[in-house]
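Coordinates in review
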Amino acid sequence: MKITVNGEMHDVAVAPDMPLLWVLRDELKLTGTKYGCGIAQCGACTVHIDGVAVRSCQMPVGDLEGEVTTIEGLGQPQVLHAVQAAWVEHQVAQCGYCQSGQIMAAASFLDTNPDPTDADIDRVMSANLCRCGTYPRIREAVKTAAASLRGA
Amino acid sequence: MRRLITVTGLLLSGAALASDGHGLVIKTPPVGSVSRTDGLQAWEKIHAVVSHPRCVNCHTDEQNLPMWSGPEYADVRPHGMNIHAGESRIGAETLTCQTCHVTSTRPNTVPRAAPHTGMEWRLAPAEFLWFGVDGRTICEQIRDPERNGGRDGAGLVEHITHDAEKKGFITWGFDPGAGREPAPGGMQAHLDDMIVWVAAEMPCPE
């Protein structure tokens, strides 16, 4: 079946009930998206489908409608997405395992809510777990990214 | 609209028909053959369904919080992960329900994963309040077009057949999969009960 990931079309020969996460990592070798729990409890596998955050471990690839963006397609090392730049500025990552999911969740959220309150940020980001406990830096980085995207 | 007219016609005429779209049999009793007692008995079975945790957990009030209750949970509490569905009831203000609850008609097979249906995951409208509400109050809400999405009796029947076509939330409630306790009965029995209750002019317990 054909799927579009980061602007590129791929033809993958997989079972339609294979989770998108497996396709991304094992078939397309896009390993920036992480496997955490496999049951939508941790958020590590978050990608965008037509710009909206989705847990890729829950999406059967046969039911996929829309274009996928992974952390590899959000920005580039020389042209970081505002959320990625804020992550660097605040030195958010500790072990880093959950961070691509955190960044994808934040980027999708700021598309629809460019001026979030702390409560808004906590509501969105509470579903993305970080075992290193980088939550205070995540919140600050989201606020910095929001201001950057607003042109402040 | 065509389907609504068809269902209305069946309710008037008395018939049994299987529609190829939803796979259910519409067994309509002849006009005048259903007593109020029959209707109340049918309501009790409908109530057993709509008061089940599979249904009430997403029929919550204007606080817009989905609930976690039922035998799968140690206690009754709001959905974990600080989830708030917002006034949109789909989480559009912060985190959409569909971020985790994808739209798929495939069976739910993975324990403790986010369940999915063929309809986009969301809370029911706040006026369809079932969580923590007694049966009589639910009954009066369901028969009130002002508070049931503008549905008359035929509309309530069509609501079930439409859900069966889409493999939506009602269908999922009877077949939640992955170790979750289903609502009692099944889609056909629920449809049968709804038709009887509607034919009895939707009586509610006193």
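The structure presented is a predicted model; accordingly, all values stated were derived computationally and were not measured. (Residues numbered from 1 in each chain as written. Chains lettered and ligands numbered in written order. Predicted model: local features only at pLDDT ≥ 70, side-chain atom pairs only at ≥ 80, totals over all residues. Heavy atoms only, no water.)

Some words on helix α5 (residues 118-125) of chain A
Just so we agree on the cut-off: Think of it in three bands: with a 1.4 Å probe and only protein chains considered, a residue is buried below 20% of the maximum accessible area for its type, exposed above 50%, and partly exposed in between. Put simply, DSSP H or I for four residues or longer makes a helix, DSSP E for two residues or longer makes a strand, and each gets a number counted from the N terminus. Directions are taken from the helix axis to each C-beta atom, and the arc is the one they span.
Considered for burial, the residues of α5(A) that qualify are Asp120(A), Ile121(A), Val124(A) and Met125(A). Down the axis of α5(A), the sector holding all buried residues measures 115°, keeping them to one side.

Section: the domain arrangement of chain A
It is common to report an interface's size as the accessible area lost on association of the parts. Residues and elements named next belong to chain A. Heads up, the condition is: These domain limits were set by an automatic method or by a database of domain assignments. Residue contacts are counted whenever heavy atoms from the two residues lie within 4.5 Å of one another. Accessible area, probed at 1.4 Å, shrinks when two parts are joined; the buried area is that loss added up over both.
Assigned domains of chain A: these are domain 1 (2-73) and domain 2 (75-149). For domain 1 and domain 2, the distance between their C-alpha centroids amounts to 20 Å. Counting from both sides, the interface comprises 21 residues of domain 1 and, opposite them, 15 residues of domain 2. Taking both sides of the interface into account, the surface hidden between domain 1 and domain 2 amounts to around 1,300 Å²; carbon and sulfur atoms contribute 51%.

Brief notes about the pairing of strand β3 (residues 46-49) of chain A
All names here are of chain A. Filter applied, for reference: Pairing between strands is defined by DSSP: at least two bridges between the two strands are required.
Burial along β3 is two-sided: Thr 46 and His 48 and Val 47 and Ile 49, pointing in opposite directions, are all buried. Here β3 pairs with strand β4 (residues 52-55) via four bridges, running antiparallel. Looking at the pairing, His 48 lines up with Ala 53 of β4. The antiparallel pairing of β3 with β4 creates a hairpin that spans two residues between the two strands, and Asp 50 there sits at a positive phi of about 50°. In this sheet, strand β5 (residues 68-69) lies alongside β3 in antiparallel orientation, the contact comprising two bridges. Residue Ile 49 lies in a different strand from β5, and its bridge partner there is Val 68.

Some words on the state of the cysteines
Residue and element names in this part refer to chain B. Selection criterion: We call a pair of cysteine sulfur atoms a disulfide when they lie within 2.5 Å.
Applying the stated criterion across every chain, the model contains one disulfide over all chains. In this model, Cys 139 is linked to Cys 204 through a disulfide, with the two sulfur atoms separated by 2.0 Å. Between Cys 139 and Cys 204, the S-S torsion sits near -90°, and that sign places the bridge as left-handed. Separated by 65 residues along the polypeptide, Cys 139 in helix α4 (residues 135-142) and Cys 204 in the segment after α7 (187-199) bring together distant segments of the chain.

Topic: the pairing of strand β1 (residues 2-5) of chain A
Working note: regular strand, side chains alternate between the two faces of the sheet. All names here are of chain A. Where β1 lies against strand β2 (residues 8-11), four bridges are found, and the strand directions are antiparallel. Pairing of Ile 3 across the sheet is with His 10, part of β2. Following β1, the chain reverses through two residues before pairing antiparallel with β2; Asn 6 in that reversal takes a positive phi of roughly 55°.

Comments concerning the nonpolar core
Generally speaking, nonpolar side chains in soluble globular proteins are found buried as a group. So the rule is basically this: Residues enter a nonpolar core if they are buried and are Ala, Val, Leu, Ile, Met, Phe, Trp, Tyr or Cys, with the set joined through side-chain atoms within 4.5 Å.
Core analysis: the biggest nonpolar cluster contains 28 residues, and Trp43(B), Ile142(B), Met194(B) and Trp197(B) have the highest contact counts within it. Contributing elements (two or more residues each) for this core: α2 (36-50), α3 (53-56), α4, α5 (153-166), α6 (169-174) and α7 of chain B. Sort the elements by how many residues they give to this core and α7(B) lands first, with six residues. Excluding residues within four positions of it along the chain, Trp43(B) makes contact with Val50(B), Gly135(B), Ile138(B), Cys139(B), Ile142(B), Trp197(B), Pro203(B) and Pro205(B). Among the nonpolar cores identified, the runner-up in size contains 26 residues, and Leu74(A), Ala105(A), Ala107(A) and Met125(A) belong to it.

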